Amino acid sequence: MGHRFSRRRMSDLDSLPQGRFSFSEEAPPRYSGGGDQDTVRNGQASSLSRDINVNMETIPGQQSDRRASRQDGRRPSIYSTMDAVPHLEFYCNATATGRLRRSRPSLETLRKAFEVSSRYHEENGAEGKTTEPVRFGWVTGVMIRCMLNIWGVILFLRLSWITSQAGILLTWVIILMSVLVTSISSLSVSAIATNGRVSSGGGYFMISRTLGPEMGGPIGMVFSFANALGCALNTVGFSESVRDLLVEYNAVMVDEINDVRIVGTITVTVLLLISLAGMEWESKTQVLFFLVLMVTFANYFVGTFIPATPQKQSKGFFGYRVEIFVENLLPDWRGSEGNFFQMFAIFFPSAIGILAGANISGDLKDPQTAIPKGTIMAIFSTTMSYLLISITAGACVLRDASGNLNDSLPVNYSGPCEGLGCKLGWNFTKCEQSQSCSFGLSNSFQVLNLISGFGPLITAGLFAASLSSALAFLVSAPKVFQCLCRDNIYPYIGFFGKGYGKNDEPLRAYILTYFIALAFILIAQLNVIAPLISNFFLCSYALINFSCFHASITNSPGWRPSFKYYSKWTALFGSIISVVLMFLLTWWAALITFGIILFLFGYVTYKKPEVNWGSSVQAGTYNMALSYSVSLSSVADHVKNFRPQCLVLTGPPNLRPALVDFVGSFTKNVSLMICGDILMEGALLLHPFQRRQSKRGEMLPPAAGLGKMKPNTLVMGFKTNWQECSPSSVENYVNTIYDTFDSNYGVCILRMMDGLDITEELQCEGVSNQAFESDEAINSDHSENSEGESGKDIRTVFQNKQGKKNIDVYWISDDGGLTLLVPYLLTRRKRWRRSKVRVFVIGQQQTKEDERTEMMVLLRRFRLDVHDVIVITDSERPPFSKNLNRFEDSIAGFRLREGQQAEGPAHQERTEGPWKISDKQMDAFRLKSERKVRLNEIIRRNSKHAALVLVSVPVPQGGCPSSLYMAWLDALSCGLHCPILLIRGNQQNVLTFYCQ
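Every chain is numbered independently, its residues counted from 1 as its sequence is written. In view of the model being predicted, local features appear only for residues whose pLDDT reaches at least 70, and side-chain atom pairs are presented and counted only at 80 or more, with totals across whole chains, interfaces and linings using the full set of residues. Each side-chain value is derived from all of the structure's non-hydrogen atoms; neither hydrogens nor water enter the calculation.

In the nomenclature of an unreviewed UniProt entry, the protein chain corresponds to Solute carrier family 12 member 10, tandem duplicate 1 from the organism Pygocentrus nattereri. UniProt positions are given in the numbering used here, feature names are shortened, and annotations may be inferred rather than shown by experiment. Within the UniProt record for the protein chain, the comment given under Sequence similarities (unreviewed entry) is "Belongs to the SLC12A transporter family." Within the UniProt record for the protein chain, the comment given under Subcellular location (unreviewed entry) is "Cell membrane".

Here it is in structure tokens:
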């Protein structure tokens, strides 16, 4: 339903309250009282007239207000001083930090026939003087952070070994394949990030706002946990490097395992303190790590040009040599791990850091610019570093070397010598044949240390890379988890969503991440857990790519990313390849990951959180509905696919809940139900607010619906006050039934002993109907009981289980089967499942059994589960006199008086009042009237304990006054304690026993 407004007359201005407009973030504008309203109502509005000029003239002081508003960007429109020009902050979702959100005036406000002075601009544009939070640009906030997260221990300890196994060519293939996945994902991230303002939450925020909470919630939980594990892994990597140094210098504290635990605990605690100090300190620490790595890389590349000493030559380093490059160009698989996919699995985790910048999107100055530019530049820079280091190491170092200075060859050596080392003056044949070489690309993880100009700087770079990655993960996990907690998708985690300080730091989430990371650090054996991390990140990449693809194919007008360098097909490819890689790397970890995702997905789907983020799933649902509706329009109707699609004349639905509940009992998840209202101004107001004038001045049902998704049955409540209301109201009621039959629709009229309208009950509770109230009235009662809350306290009979009661169907006239279809649909519901359907038909005493058998056969062919068929043989008996007298008394007020029975006056009287009944009409329809009364006697005799009674409604005939037809409906349905449904189809089959 909707809101109904009327134009205010100029005289209504005296009733307006005195005061200024106030605007809140979520509620529509309303008045805040600033004066004596009683004085205003009594016409003493002198104080109001000083602020309001009815003739739209310039308000004193308005010129200065306009000048002031122009200075701060809040200029009024040329149409009105209350009408604002377009402004960016009118489109913000939430209040910006340190500023009050600005709101444009509502449509209702602009329709008022007055203008408000500069109070609106002063109140709506007030700005607080608060300290601005620290924000980062694309270099320090995204590019450096992503580069540090991508560079890690694999670069320093495994890249040269991978080059020895796969060769330079396949190593480049491995690097480029990894970069392909991350690059496609970065393009999808860039597209999503530039399709609207990205708040904090990184990958979770992007997925959830694109695919909805069902997919965003599980990824947010898994992604947060993966970042916490990433912090633990990098901390352990750093701790193991420190442990190796302690072993080398004979400085072991306890033992190898406990030393890792001790160093790891101290390290993660220091990183936590840096994080708690704020993003500014954390960013400065990351810049320091970045500078250390830059010096490390410079040291490495300078070292490749420094002539090799004999000590380095004995370990396989000879500087740039063409023969070494050619020798290392092709693969040389060794050991059980010697295959392409194993090498890819080892290398790929080094490329998972592309979301490090997006994860702190809430701390960026301009996320829409910083995320695409910083992420892509980080991928390009780190890719070049990986490619250059792999090719330089492959061009300078042999695969095998002994490290023994005695293996150098004299000048004129002519003994046995095999391999490339012989040409370079070294004989490594012995260790190569015995596979005991300790140095070279295939045997040592310290090749970068060997090549560099100053070895300790490589160790410093290794420390910087591992610590920077651990710090980035330690910061990312709380940021993502804070956003998830604030969305209230999962229970019991809202405690960790609280932020502190000017940057809204998630200190509680930091502590939680610290303890999770510490728990895995204390294990000190993460070889089993590590594959899960890569799978978690790959799963995130898959969903990010799918989010971009899905948002693109829905053709939603809201999908307008400013980043244009993406394709929906590359995004789909990135999503598929990410899933494939999950199973190729570690299939069991992929199964665990999908198991966790499905469990969390099922929980969110079951709980259905009350959030609306305008996801692409909603856009896709609209597209599907539109497409199916269009395709359905070209399909001819078939009796097998008939569904009772109901237009229910409820008025405001909360005023007649029994009518809504009853129709919902047989249409929910089956067919269509549209609620509508008849307005006495001469139009029928439907839910879509569409109107069409009929010959009787009312709205016909065909205006509702779309294509084949439109009503075919009108459902209305019985007009219990038809004898007391105005005759024109009765005429309009019956004319509605006439119009429905004229439109070839079915008709259902529900009558209950206590009536359907609960307006008085709601008024007694102090609750007003808000369906047709203005925003102003709704807001004034916002703190009181709402319409929805009231509806929850009112239970109707159709919400209760009906037990084993009967559903009695009086199939008096064959209407095509609608009278039988409705009770069948009811019995498919849980509340009506145990009810027994009994069918009553009119017959003769002599052929009673044959007629019963014939009806049983028909119902069996229809595949309807009917408990019993009863043939009524006494329907032609005259009714009891008291019941007939009651019927005649009900229409006495509509009869023409004796002086009006003449032909001329009677014709004029019926023209002016077509509901009037003449004696001639009464005699013509007497037999039909008596049969209606007699049928009611039969119904009351047989169905006084039924749960529901359905009776075929008579079709109104020409010449039958509306009051007489209304009396027939009353006579058929009176005297029953159970609900009774007067029903009639459109005389076209809705049931069939054929299969085509």
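Still more ground to cover, so stick around.
Draft legend 1. Here's a closer look at a nonpolar patch on the surface. Together, Tyr 622, Leu 626, Val 630, Leu 632, Val 635, Leu 706 and Met 709 make up an exposed nonpolar region whose accessible area comes to about 640 Å². With respect to the helices and strands, the residue Leu 706 is situated in the loop between strand S5 (683-686) and strand S6 (713-717). A patch consists of residues whose relative accessible area exceeds 30% and which take part in no salt bridge; residues with like charges are grouped when within 9 Å of each other, and nonpolar side chains (Val, Leu, Ile, Met, Phe, Trp, Tyr) when within 5 Å. Reported accessibility uses the Shrake-Rupley method at a 1.4 Å probe radius. Residues are deemed covered only where the shown protein chains occlude them. By salt bridge we mean one thing: a side-chain nitrogen of Lys or Arg within 4 Å of a carboxyl oxygen of Asp or Glu. In this description a helix means any DSSP run of H or I spanning at least four residues, a strand means any run of E spanning at least two, and both kinds are numbered starting from the N terminus.

Draft legend 2. Up close: the packing of aromatic side chains. A pair of Phe, Tyr and Trp rings is counted when the ring centres sit within 6.5 Å of each other, with Trp represented by its six-membered ring. The angle between the planes then sorts it: under 30 degrees is stacked, over 60 is edge-to-face, the rest tilted. Under the counting rule described, the total for this entry stands at 31 aromatic pairs. Ring geometry for Phe 223 and Phe 537: centres 5.4 Å apart, planes at 80°, overall edge-to-face. Of this pair, Phe 223 sits in helix H10 (residues 213-248) while Phe 537 sits in helix H21 (residues 530-553); the two residues are 314 residues apart in sequence, bridging distant segments of the chain. Each of the two residues, Phe 223 as well as Phe 537, counts as buried. The rule is simple: take the accessible area with a 1.4 Å probe, protein chains only, and divide by the maximum for that residue type; under 20% is buried, over 50% is exposed, in between is partly exposed.

Draft legend 3. Layout of the pattern of salt bridges. Under the counting rule described, the total for this entry stands at 19 salt bridges. Of the charged contacts in the structure, one is a salt bridge between Arg 209 and Asp 487, with a shortest N-O distance of 2.8 Å. You can see Arg 209 sitting in helix H9 (residues 202-211) and its partner Asp 487 sitting in the loop between helix H19 (455-486) and helix H20 (507-523), a full 278 residues away along the chain. Asp 487 matches Arg 209 in its accessibility class, with the two residues each being buried. Here Asp 919 ties to Arg 895 by a salt bridge, and the two come within 2.5 Å at their closest N and O atoms. Here Asp 919, found in helix H34 (residues 919-924), pairs with Arg 895, found in the loop between helix H32 (881-890) and helix H33 (903-912); they are 24 residues apart in sequence, far enough to count as distant. Overall, Arg 895 belongs to the partly exposed group, its relative accessible area being 27%. Residues joined by salt bridges that share partners form a network here, namely Asp 874, Arg 934, Glu 937 and Arg 941.

Draft legend 4. Geometry of the packing of helix H8 (residues 159-193) against helix H16 (residues 367-396). Comment: axis = line fitted to C-alpha atoms, over the contacting stretch for helices; angle = value between 0 and 180 degrees taken between N-to-C directions. Where H8 contacts H16, the two axes come as close as 10 Å, and the packing angle between them is 175°. One way to sum up the angle between H8 and H16 is to call them roughly antiparallel. For the contact of H8 with H16, the residue count by class is 18 nonpolar, 11 polar and no charged. What sets the label is the angle itself: under 35 degrees gives roughly parallel, over 145 gives roughly antiparallel, 65 to 115 gives roughly perpendicular, and the rest give oblique. Residues are grouped as follows: Ala, Val, Leu, Ile, Met, Phe, Trp, Tyr, Cys and Pro are nonpolar; Asp, Glu, Lys and Arg are charged; every other residue, Gly included, is polar.

Draft legend 5. Region of the structure containing unusual backbone geometry. Phi is positive for Asn 669, which is not a glycine, with a value near 60°. Here Asn 669 is to be found in the loop between helix H25 (657-667) and strand S4 (673-679). Take Asn 669: its relative accessible area is 72%, and that puts it in the exposed class. Residue Gln 987 is not a glycine yet carries a positive backbone phi of 70°. Structurally, the position occupied by Gln 987 is in the segment after strand S12 (980-984). On the accessibility criterion, Gln 987 (45% relative accessible area) is partly exposed.

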